[in-house]
Amino acid sequence: MDDHKKEGFIEDPRYKQCNKEALMGIGLGILNLIWWYVFGYGLGSKAPEDYTYIMGLPMWFFMSCIVGAVLFSSLAIIMVSKFFKDMPLDKIDLEDEDNI
Amino acid sequence: MTNIHWNVLVPLILYFLGVFLIGFYSMRFVSSAQKDEGHNGFLSEYLAGGRDLGGFVLAMTLVTTYLSAGSFIGGPGAAYTFGMAWVFLAMTQMPTGYFTLAVLGKKFAIVARKINAVTITDFIRERYKNDALVILCSLSIIAFFIAAMGAQWIGAARLIEGSVGIPYKVALIFFAITVLIYTTIGGFRAVALTDTLQGVIMTIGTIALFIATIHAGGGVSNIIQKMYEINPGLITPYSIKEGFATKAWVTSFWILVGFAVVGLPSVGMRAMSYKDSKSLKQGIIYGTVVSIVLILGMHLIGAFGIVVVPGIESGDLVIPTITTKLFPAWIAGVILAGPLAAVMSTVDSQLLIVVGAIVNDLYANYMNPSIKKDGRKTAKISFASTLIVGVLVFMTAFNPPPIMVWLNLYANAGLISTFLWPIILGLYWKRANAPGAFASIVTGVGTYVLFSKVWPRPLGMHTIGMPLILSLIAFVIVSVSTKKPSKEIIKNFWGI
């Protein structure tokens, strides 16, 4: 905060939450990438004749893409509904600060 | 003109009529905004839909804008040739639905309202206060997008040609007139609403086609086993050719089509035009679910196509071929409206971005600043430039000049390397300044063009990987070693 006083203005109080939400988005994206990579290449690097199947699909694809898609869509929904906060987007006045 | 498939044409015409209706509906908003004096009334309506998008519309317009002809024609075509590895690769687009909106998120929307921005270049101008940078960005938008649109229009016309049986040039005119009219009269609101209609059609079409394909192939198990018999590589993540779908290359698509999409102006513009934070939440939820259904569905259809319709010479024809084979003609017409919708929804947004760059970023800022106060005049100029750009693109698609072909090659990557870091760092890093932005654009675009000639897979990655890393480094080093941005800018962006 000292830094901001020096610059002579008060930082928009909504940004703290905005930054948090952006970081969550990045975090989820990276987890998504790891899941996709580990299952895709972890199970898919065997010789194709040794593949196991689930619902007709090769296990690597099923885990990486199907389970991954369902899991990360669900996580995105949870992230948004639990951790994203509603806030006004228009210009705000100082008095509004308490309402955020 | 004797081989016209009327059964396919009639549903397509009905669909085009629906699109026109939306255009006329949106025209009411545009014409009332024309009478608005000052406050950017007209441009805010025409270029950002009056910042009025609800969650569902936001999701649909975002998803359909970045899923272009590539995802509906080229993508399934590649999956047809390269098998499950290409579906696996396509899934790198999975985070786009939540990632772009979460990262640009509310902050971008708040900032856009603070500085009254209706285009990405508005944001760049206010953040960096540098005319040369603004002009560079606007010109890059105009050149790259006109080239990119040309390619999309060619795809659309080929699709109509193939499915309806009318000559290419007639198809192109048919398509061009439709897009031009609803975009010109209705602006962003028309674009977002038609995107929604198109998104719904794409989703229904994808699901129907997916079910029919599995049915025709005798079940998933059977299809996968047959793919294995054709070539075991078809069911591995490494594809059929050694050294083609390598780990590093496939994984680097996460950068190109997953994360860096944030840097596309047509995507970023959507992140400034939604109504409230609730719309953003819903936008993320719908956007993620719809994009997964579309991406997974379309690419699996393409991959399974090798069993259902073997022996197609060009992968690009796999979707039209499957559709006309599996469905009665009139349903095929409805389903083929899906990929056509994908093209249209990408093109209309690009068209509007180019118009924004011309009218808002260049004309209103540098040539005639008083114009912003005059809604009627701005409207006239916007309509006129929409038409002119449309005609230019039409000519490009009719007979592409060599420079356009060349520009198109670099279009997406060029836009991403131009805008990604100036947007992200401008939004989240106070120290980011104009020289830094310049350095990153020059480094990004320059190394991309260079690498695609001499080192197309740097360290095994897709060409875009390294240039983005290098341009980030250039941005940071140059920013830190030059003057801080002025207090006024920081206050404007970060203050209340």
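Given the structure is predicted, the values throughout are model-derived calculations rather than measurements.

How each quantity is defined
- Residues numbered from 1 in each chain as written.
- Chains lettered and ligands numbered in written order.
- Predicted model: local features only at pLDDT ≥ 70, side-chain atom pairs only at ≥ 80, totals over all residues.
- Heavy atoms only, no water.
- Contact = heavy atoms within 4.5 Å.
- Buried area = accessible area lost by both parts, 1.4 Å probe.
- Salt bridge = Lys/Arg side-chain N within 4 Å of Asp/Glu carboxyl O.
- Polar contact = N/O pair within 3.5 Å; in protein donor to acceptor, adjacent residues only side chain to side chain.
- Helix = DSSP H or I, 4+ residues; strand = E, 2+ residues; numbered from the N terminus.
- Buried < 20%, exposed > 50% of the residue type's maximum accessible area, 1.4 Å probe, protein only.
- pLDDT = per-residue confidence, 0-100.
- Phe/Tyr/Trp six-rings, centres within 6.5 Å; stacked < 30°, edge-to-face > 60°.
- Lys NZ or Arg CZ within 6 Å of the ring centre and 35° of its normal.
- Axes fitted to C-alpha atoms, helices over the stretch in contact; angles between N-to-C directions.
- Left-handed = near helix turned anticlockwise from the far one by under 90°.
- Nonpolar A, V, L, I, M, F, W, Y, C, P; charged D, E, K, R; others polar.
- Parallel < 35°, antiparallel > 145°, perpendicular 65-115°, else oblique.

A closer look at the interface of chain A and chain B
Then comes step 1: Contacts between the two partners involve 60 residues from chain A, matched on the other side by 58 residues from chain B.
Then comes step 2: Across the chain A to chain B interface the summed buried area is about 4900 Å²; carbon plus sulfur atoms make up 71%.
Then comes step 3: There are five salt bridges connecting chain A and chain B.
Then comes step 4: Across the pair Asp90 of chain A and Arg113 of chain B runs a salt bridge whose closest N-O atoms are separated by 3.2 Å.
Then comes step 5: Across the contact surface, chain A and chain B share 17 residue pairs in polar contact (both at pLDDT 80 or more).
Then comes step 6: The set of elements that each furnish at least two residues to the side of chain A that touches chain B consists of α1 (2-7), α2 (14-44), β2 (57-58) and α3 (59-83) of chain A.

Focus on the pattern of salt bridges
When charged atoms on two side chains of opposite charge get close, those side chains can pair.
Then comes step 1: Per the stated rule, a full pass over the model turns up 12 salt bridges over all chains.
Then comes step 2: A salt bridge links Lys106 of chain B to Glu21 of chain A; the nearest nitrogen and oxygen atoms lie 2.9 Å apart. On the criterion of chain membership, the pair formed by Lys106 of chain B in helix α6 (residues 96-114) and Glu21 of chain A in helix α2 is interchain, its members lying in two chains. This pair shows no difference in class: Lys106 of chain B is buried, exactly as Glu21 of chain A is.

Observations concerning the confidence of the model for chain B
Then comes step 1: The predicted model of chain B averages 87 in pLDDT, with 98% of residues at 70 or higher.
Then comes step 2: Confidence estimates for the predicted assembly give a pTM of 0.87 and an ipTM of 0.87.

Thoughts on the packing of aromatic side chains
Then comes step 1: What the rule picks out here adds up to 33 aromatic pairs over all chains.
Then comes step 2: Relative to Tyr37 of chain A, the ring of Trp36 of chain A lies with its centre 6.5 Å away and its plane at 50 degrees, an arrangement referred to as tilted.
Then comes step 3: The exposure class assigned to Trp36 of chain A is buried, which follows from its relative accessible area of 0%.
Then comes step 4: An aromatic cluster is defined as three or more aromatic residues linked by ring pairs; in this entry it consists of Trp36, Tyr37, Tyr41, Trp60 and Phe61 of chain A together with Phe88, Phe99, Tyr238, Trp254 and Phe259 of chain B.
Then comes step 5: Sitting over the ring of Tyr128 of chain B, Arg127 of chain B keeps its end group 5.4 Å from the ring centre.
Then comes step 6: When the ring centre of Phe493 of chain B is taken as origin, the NZ or CZ atom of Arg127 of chain B, which lies over that ring, is 5.8 Å away.

Quick notes on unusual backbone geometry
Residues and elements named next belong to chain B.
Then comes step 1: Residues other than glycine seldom take positive phi values, yet Lys129 does so here, at roughly 50 degrees.
Then comes step 2: Within the secondary structure layout, Lys129 lies in the loop between α7 (120-128) and α8 (131-164).
Then comes step 3: We classify Lys129 as partly exposed; its relative accessible area is 44%.
Then comes step 4: The backbone phi angle of Ser239 is positive, close to 65 degrees, even though this residue is not glycine.

So, the side chain of Ser382 of chain B
Residues and elements named next belong to chain B.
Then comes step 1: Tracing the chain through its elements places Ser382 in helix α16 (residues 375-398).
Then comes step 2: Take Ser382: its relative accessible area is 1%, and that puts it in the buried class.
Then comes step 3: Excluding its chain neighbours within four sequence positions, the residues that come into contact with Ser382 are Phe42, Leu43, Tyr46, Val355 and Val359.

Notes on the packing of helix α9 (residues 168-216) of chain B against helix α13 (residues 277-308) of chain B
Residues and elements named next belong to chain B.
Then comes step 1: Two elements in contact, α9 and α13, have axes whose closest approach is 9 Å; the angle formed by their N-to-C orientations is 30 degrees. As for how α9 packs across α13, the hand of that crossing is left-handed. In this structure, α9 contributes Met202, Thr203, Thr206, Ile207, Leu209, Phe210, Thr213, Ile214 and Ala216 to the contact, and α13 contributes Val290, Val293, Leu294, Gly297, Met298, Leu300, Ile301, Phe304 and Val308.
Then comes step 2: Per-class residue counts for the contact of α9 with α13 are 14 nonpolar, four polar and no charged.

Examining the packing of helix α2 (residues 41-48) of chain B against α16 of chain B
Residues and elements named next belong to chain B.
Then comes step 1: Between α2 and α16, the least distance of the axes is 8 Å, while the angle of their chain directions is 30 degrees. Here α2 lies roughly parallel to α16, going by the angle between them. In contact with Phe42, Leu43 and Tyr46 of α2, α16 contributes Gly375, Thr378, Ala379, Ser382, Phe383 and Thr386.
Then comes step 2: The residue inventory of the contact of α2 with α16, partitioned by class, reads five nonpolar, four polar and no charged.

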